[in-house]
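# Working through the structure, step by step
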Amino acid sequence: VRCNSDIEDVEVPDFVECIGEKAFDSCKIKNIVIPSSVKTIKDKAFNCCRSLETVKLPGSLVSLGERVFSFCESLSYIEMDLAKIPTETTEASKK
């Protein structure tokens, strides 16, 4: 998955298994829903998504990269079912 538009609300398709490194880097998305088909979210996938407010992460995740939500200054809500989150996942985010 790669982002190249001004779409604010994203629902990742059910066939996606991996969200790549910097896939949504600097996108203007506000909300994203990630389906249970996604097993991996790579490093900095949502880096600098300054408008991102909410994220729903599936319990199916096997790997969550580092700094996935770095510089997501508007991020106020993450819904998830994960046992472990890397310390640097939200580095430099205000919330």
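Higher on the page you've got the structure.
Residues numbered from 1 in each chain as written. Predicted model: local features only at pLDDT ≥ 70, side-chain atom pairs only at ≥ 80, totals over all residues. Heavy atoms only, no water.

## Concerning the overall build of the protein
What the protein contains, in helices and strands, is zero helices and seven strands. Ordering the α and β elements of the protein from the N terminus gives β-β-β-β-β-β-β. The proportion of buried residues among the 95 residues of the protein is 35%. (Helix = DSSP H or I, 4+ residues; strand = E, 2+ residues; numbered from the N terminus. Buried < 20%, exposed > 50% of the residue type's maximum accessible area, 1.4 Å probe, protein only.)

## Here's the deal with the state of the cysteines
In total, this model carries zero disulfides according to the counting rule given. Cys49 provides the cysteine sulfur closest to Cys72, a residue in no disulfide bond, and the two sulfurs are 5.2 Å apart. (Disulfide = S-S within 2.5 Å.)

## Re the sheet that holds strand 1 (residues 9-11)
Note: strands within a sheet are paired through backbone hydrogen bonds, in either parallel or antiparallel orientation. Ordered by their spatial adjacency, four strands build an open sheet running 1-3-5-7, and the pairing between neighbours is parallel. Edge positions in the sheet fall to strand 1 and strand 7 (77-79), since each has one partner strand and no second. Averaged over all neighbouring strand pairs, the angle between strand axes comes to 5°, with direction disregarded. Bridge count for strand 1 against strand 3 (residues 31-33) is three bridges, and the pairing is parallel. Residue pairing across strands places Asp9 opposite Asn31, the latter belonging to strand 3. (Pairing = 2+ DSSP bridges. Axes fitted to C-alpha atoms, helices over the stretch in contact; angles between N-to-C directions.)

## Digging into unusual backbone geometry
With a phi close to 60°, Ser26 is a non-glycine residue in the positive phi region. Residue class for Ser26 comes out partly exposed when judged on its relative accessible area of 47%. Positive phi values are uncommon outside glycine, yet Arg67 reaches one of about 55°. Position of Arg67 among the secondary structure elements: in the loop between strand 6 (63-64) and strand 7. Since its relative accessible area comes to 28%, Arg67 is described here as partly exposed.

## Concerning the side chain of Ser37
Mapped onto the elements of the fold, Ser37 is located in the loop between strand 3 and strand 4 (40-41). The buried category is assigned to Ser37, whose relative accessible area is 18%. At 2.6 Å, the side chain of Ser37 and the backbone oxygen of Asp14 are in polar contact. Those residues within four positions of Ser37 in sequence are excluded, and the remaining contacts are Pro13, Asp14, Phe15, Val16, Glu17 and Ser60. (Polar contact = N/O pair within 3.5 Å; in protein donor to acceptor, adjacent residues only side chain to side chain. Contact = heavy atoms within 4.5 Å.)

## What to know about the sheet that holds strand 4
Across the sheet, three strands lie side by side as 2-4-6; this open sheet has parallel pairing. Pairing within the sheet leaves two strands with one partner each, and these edge strands are strand 2 (18-19) and strand 6. Sheet topology note: the strand 2/strand 4 ladder contains two bridges and is parallel. Bridge pairing in strand 4 links Ile19 to Ile41.

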